[in-house]
Amino acid sequence: MPPRREVLASYLKAISECIVELRIAEIQGVVKQALDAGVAVEDILGAVADASQEVGAKFEHNEFFLSDLIMAGETTKIALAAVTPFVKGTPRTSGRVVIGTIEGDLHDIGKNLVIRLLEANGFEAFDLGIDVPAKKFAQKAAEVRAECVGISALLSVTVPTIKNVAEHLENAGLRSKVRIIAGGAALRKEYVNQLKIDAAVNDVVEGLNIVKSWVNKN
Amino acid sequence: MKPRERVINTIERRAVDRLAIDGWMRPETWLSLRKHFGVETNEDVMKALGIDIRTVYMTPPKGFTPKYVYPPQRLSKDLENLYATLFDEWHIGRQAGSTGEYWHFTYHPLQHSDLDAYEFPDLGAEGRFDGAKELVREYSPDYAVAGYAIYGIFEHAWALRGYETFIRDMYTNPAYAERLLDRLLDWKIEWTKRLSELGVDIVQVGDDLGTQTGLMLPPRLIKRYLIPRYKTWFRVLKNTGVYVFFHCDGKIDEIIPDLIETGIDILNPVQPECMNPAEVKEKYGSKITIHGCISVQQTLPFGTADDVRREVSERIRTLGYDGGYIVAPAHTIDKHIPLQNVLALYETAREYQF
C-alpha cells in the first residue's frame with residue numbers, strides 16, 4: 001500500500017533537502033528508505049528534479065558556488081543511480097546533448113559542470129572531452145540523433161573555430177534539426193550570428209534553461 | 001630612474017618618471033618580438049619594451065629528467081611529444097593539447113597513493129636554485145627581481161588529487177584536505193624562503209580561485225582552508241623583506257579584503273572582464289598595488305592598436321594616479337595577439353604623461 005500523503009511528502013522532502021544541503025554521504029540511504037516505504041519511483045525522480053532546480057536557482061542568486069554545484073551534481077548522481085534499477089521500461093529522457101570543449105582549448109571544469117546539470121535534469125549528455133575537432137561534434141550529433149550540441153571555450157583564440165561546428169552540421173544536412181549553444185568565459189552574446197550558432201552564454205544555469213526551452217518547444 | 005627604483009617607488013607610492021611595467025609572454029610571442037626588434041635574446045626584448053621586472057625560477061635538480069609515456073600506437077616524431085604524457089617530479093601527469101600550446105593534467109598521484117607514504121620532492125636537492133642565483137646576481141641592482149612561485153596550495157592540492165576529488169575532500173573528508181594543505185604549505189614556505197634568500201625583491205605566489213563570473217569555492221571554505229594558511233605563509237615571507245605578489249584569475253572581489261588581511265602587497269591580474277579595476281582601486285588602492293588589468297580576453301586579441309592605447313591610458317589614469325599600479329597584460333600574451341597590439345601596450349605605458 002502506498003504511504004499516506006504526508007508520509008510520502010516527508011520522504012520526498014528528505015531527498016530534496018539531502019541534495020540541496022549537499023549531504024552526499026546520506027543520499028543513498030535516504031532514497032533507499034523512500035523506496036522501502038513504497039514511494040513511487042516517479043515521485044522520487046520528481047523530488048530530485050525539484051532539488052536540481054533549487055540548486056540552479058541558488059547558483060543564479062550567488063548563494064551557491066562552483067564547488068557546491070559539483071557536490072550537488074555528485075549527490076544527484078547517487079540518488080539517480082539508487083532509483084535506476086526500479087525504473088520500469090526505457091527511462092524517459094529530456095533530450096540528447098553532445099558536448100565538448102572546442103579544439104585548441106583544454107579547460108573542462110565548466111563543461112563537466114554543464115554535463116552534471118544536464119544529467120540531473122534528465123538529459124542524456126554525450127561527453128566528447130576536451131580539444132575536440134569541430135567535425136567530431138557533427139559526427140556524434142548524427143550518430144546519437146542529438147537535439148543539441150554544446151561547445152565549451154575559455155580561450156578567446158579558440159572562438160573562431162566554433163563556427164566550423166555549424167558548417168559541419170550544415171554539410172551533414174543536420175543544421176535545421178540540431179541547435180548549437182556555446183558557453184564559457186570566451187563567449188559573448190553578440191557572437192551568435194558570426195559563429196552561426198543559436199546561443200552563447202557565460203553562465204551554466206542560463207545555458208541549461210535555454211537548452212530546456214529548446215527541447216520543450218520541439 | 002633605474003627599473004628597480006621605479007618598481008619599488010610604484011609600490012611605495014613615491015615619485016616615478018613613469019609607472020613600472022611588466023609582462024609575461026608565450027614562447028612564440030618572444031620569438032616574434034625578437035624578430036621585430038632584430039635582437040637575439042628575450043632580455044633584449046624586455047629592454048626594448050621597457051619591462052622593469054625580471055623573473056627567476058626554481059628548476060628541477062641536477063640529473064632530473066622528466067619521464068614521458070608515449071601512447072601505444074606508432075606516431076610520427078612530431079606527434080610523439082604532443083600526445084605523450086609528461087610526468088614531473090611529483091609524478092603528476094600532463095598532456096599537451098592538439099595545438100601543443102597548453103597542457104592539461106591527466107594523472108593525479110594522490111588518487112593512487114596514500115598521502116602519508118607519499119614523499120614530496122627534496123627542496124635541498126643540488127642545483128635547484130643555481131640558475132636563479134646567477135640571474136639574481138645579473139639583474140640586481142638595476143632591475144626589480146621577482147621569484148616565481150605561482151603554484152599555490154589549492155592548485156597544487158588538486159593537481160595531486162584531481163580537481164573534483166579534492167573539492168569532495170574539502171566537503172566530506174576535511175581531515176585529509178587539511179593534512180594535504182598543511183604538508184603543501186610547509187613545502188611552499190620552504191620554496192619561497194629559498195627564493196627570498198637569493199635576494200629577490202618580490203615573491204610571486206598565487207592560486208586560481210575565481211571563474212569568469214564568481215568564486216570556485218564558497219567564501220566559508222576559502223576562509224577555512226586557505227586564508228589562515230596564506231597568513232602563515234606570507235608572514236614568514238614578509239619577515240624576509242620581500243613584497244608578496246598574489247596571482248588569482250577571475251572574479252574574486254568578494255575575497256579581496258581577506259587576501260589583503262593575509263598581508264599581500266600586490267594583486268594580479270584584476271581581470272577587467274570580471275571586475276571593475278577602477279572600483280578595486282577605489283576600495284583597496286591604499287592597501288595594495290594592482291598589477292595587470294590589460295584585457296587579454298578582448299582588447300589585446302580582438303581590438304585595434306588604438307583600442308589598446310585607449311585601454312592602457314584609461315587604466316593608468318584610473319589606477320596609477322598615485323602610483324600603486326604596475327602596467328601589465330592580465331595574463332600571458334600568446335601568439336594570437338597581433339604584434340602591433342603588444343607594441344601599442346608597451347609604447348603607451350612608457351610614454352603616458354601624467
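Residues numbered from 1 in each chain as written. Chains lettered and ligands numbered in written order. Predicted model: local features only at pLDDT ≥ 70, side-chain atom pairs only at ≥ 80, totals over all residues.

### Examining the overall build of chain A
Line of reasoning, step 1. Along chain A, the regular secondary structure elements total 8 helices and 5 strands.
Line of reasoning, step 2. The order of α-helices and β-strands along chain A, N terminus first, is α-α-α-α-β-α-β-α-β-α-β-β-α.
Line of reasoning, step 3. For 218 residues, the compact-globule estimate of 2.2 N^0.38 gives 17 Å, and the C-alpha radius of gyration of chain A, at 18 Å, lies within 12% of that figure.
Line of reasoning, step 4. Along the first, second and third principal axes, the C-alpha set of chain A runs to 55 × 35 × 25 Å.
Line of reasoning, step 5. Expressed as a percentage of the 218 residues in chain A, the buried residues total 50%. (Helix = DSSP H or I, 4+ residues; strand = E, 2+ residues; numbered from the N terminus. Rg over C-alpha atoms; globule rule 2.2 N^0.38 Å. Buried ≥ 20, exposed ≤ 12 C-beta atoms within 10 Å, placed from the backbone.)

### Let's talk about the confidence of the model for chain B
Line of reasoning, step 1. Residue-level pLDDT values for chain B average 94, and 97% of them are 70 or greater.
Line of reasoning, step 2. Overall fold confidence (pTM) sits at 0.90, and the ipTM for the predicted complex is 0.91. (pLDDT = per-residue confidence, 0-100.)

### Focus: helix α6 (residues 134-144) of chain A
Residue and element names in this part refer to chain A.
Line of reasoning, step 1. Listed as buried for α6 are Ala134, Phe137, Ala138 and Ala141. Buried residues of α6, viewed axially, fall in a sector of 95°; they line one side.
Line of reasoning, step 2. Against the buried residues of α6 lie β1 (95-101), β3 (148-152) and α7 (162-171). (Arc of directions from axis to C-beta. Contact = placed C-beta atoms within 7 Å.)

### What to know about the pairing of strand β10 (residues 289-294) of chain B
Residue and element names in this part refer to chain B.
Line of reasoning, step 1. Most of β10 is tucked away: 6 of the 6 residues are buried.
Line of reasoning, step 2. Sheet topology note: the strand β9 (residues 266-268)/β10 ladder contains 2 bridges and is parallel. Each residue of the ladder has a partner; that of isoleucine 266, found in β10, is threonine 289.
Line of reasoning, step 3. Of the crossover connections in this fold, the one passing from β9 over helix α11 (residues 277-284) to the parallel β10 is right-handed.
Line of reasoning, step 4. Pairing between β10 and strand β11 (residues 325-329): 5 bridges, direction parallel. Following the sheet pairing, cysteine 293 is matched in β11 by alanine 328. (Pairing = 2+ DSSP bridges. Right-handed = clockwise from strand over helix to strand, strands pointing away.)

### Considering the domain arrangement of chain B
Residues and elements named next belong to chain B.
Line of reasoning, step 1. If you check the domain split of chain B, you get domain 1 (3-58 + 129-351) and domain 2 (65-113).
Line of reasoning, step 2. Its C-alpha centre places domain 1 at a distance of 27 Å from the equivalent point of domain 2.
Line of reasoning, step 3. Contacts between the two partners involve 7 residues from domain 1 and, on the opposite side, 8 residues from domain 2.
Line of reasoning, step 4. Tallying contributions element by element places helix α6 (residues 153-161) first for the side of domain 1 that touches domain 2, with 3 residues.
Line of reasoning, step 5. For the side of domain 1 that touches domain 2, a count of residues per class yields 2 nonpolar, 2 polar and 3 charged. (Domains from an automatic or database assignment. Nonpolar A, V, L, I, M, F, W, Y, C, P; charged D, E, K, R; others polar.)

### Thoughts on the packing of helix α4 (residues 66-83) of chain A against helix α7 (residues 163-172) of chain B
Line of reasoning, step 1. Where α4(A) meets α7(B), the closest approach of the two axes is 10 Å, and the angle between their N-to-C directions is 90°. Taken together, the axis directions place α4(A) and α7(B) in an arrangement best described as roughly perpendicular. Between α4(A), through Ser67(A), Ile70(A), Met71(A) and Glu74(A), and α7(B), the contact on the second element is made entirely by Glu164(B), Ile167(B), Arg168(B) and Tyr171(B).
Line of reasoning, step 2. Looking at side-chain class alone, the contact of α4(A) with α7(B) contains 4 nonpolar, 1 polar and 3 charged residues. (Axes fitted to C-alpha atoms, helices over the stretch in contact; angles between N-to-C directions. Parallel < 35°, antiparallel > 145°, perpendicular 65-115°, else oblique.)

### Concerning the environment of Arg310(B)
Residues and elements named next belong to chain B.
Line of reasoning, step 1. Along the chain, arginine 310 falls in helix α13 (residues 305-319).
Line of reasoning, step 2. Note on arginine 310: 15 C-beta atoms within 10 Å, which makes it partly exposed.
Line of reasoning, step 3. Linking arginine 310 and alanine 125, residues 185 residues apart in sequence, is a C-alpha distance of 48 Å.

### Concerning the sheet that holds strand β6 (residues 144-149) of chain B
Residues and elements named next belong to chain B.
Line of reasoning, step 1. Pairing is parallel across the open sheet formed by 7 strands, whose spatial order is β1-β6-β7-β8-β9-β10-β11. For this open sheet the edge positions go to β1 (53-56) and β11, each flanked by a neighbour on one side alone. Neighbour to neighbour, the strand axes of the sheet diverge by 25° on average, direction disregarded.
Line of reasoning, step 2. For β6 and strand β7 (residues 202-206), the ladder comprises 4 bridges, and the chain directions are parallel. When the bridges of β7 are listed, tyrosine 148 appears paired with glutamine 204.
Line of reasoning, step 3. The strands that helix α8 (residues 174-197) touches are β6 and β7; relative to β6, the one it contacts most, it runs at about 160°.

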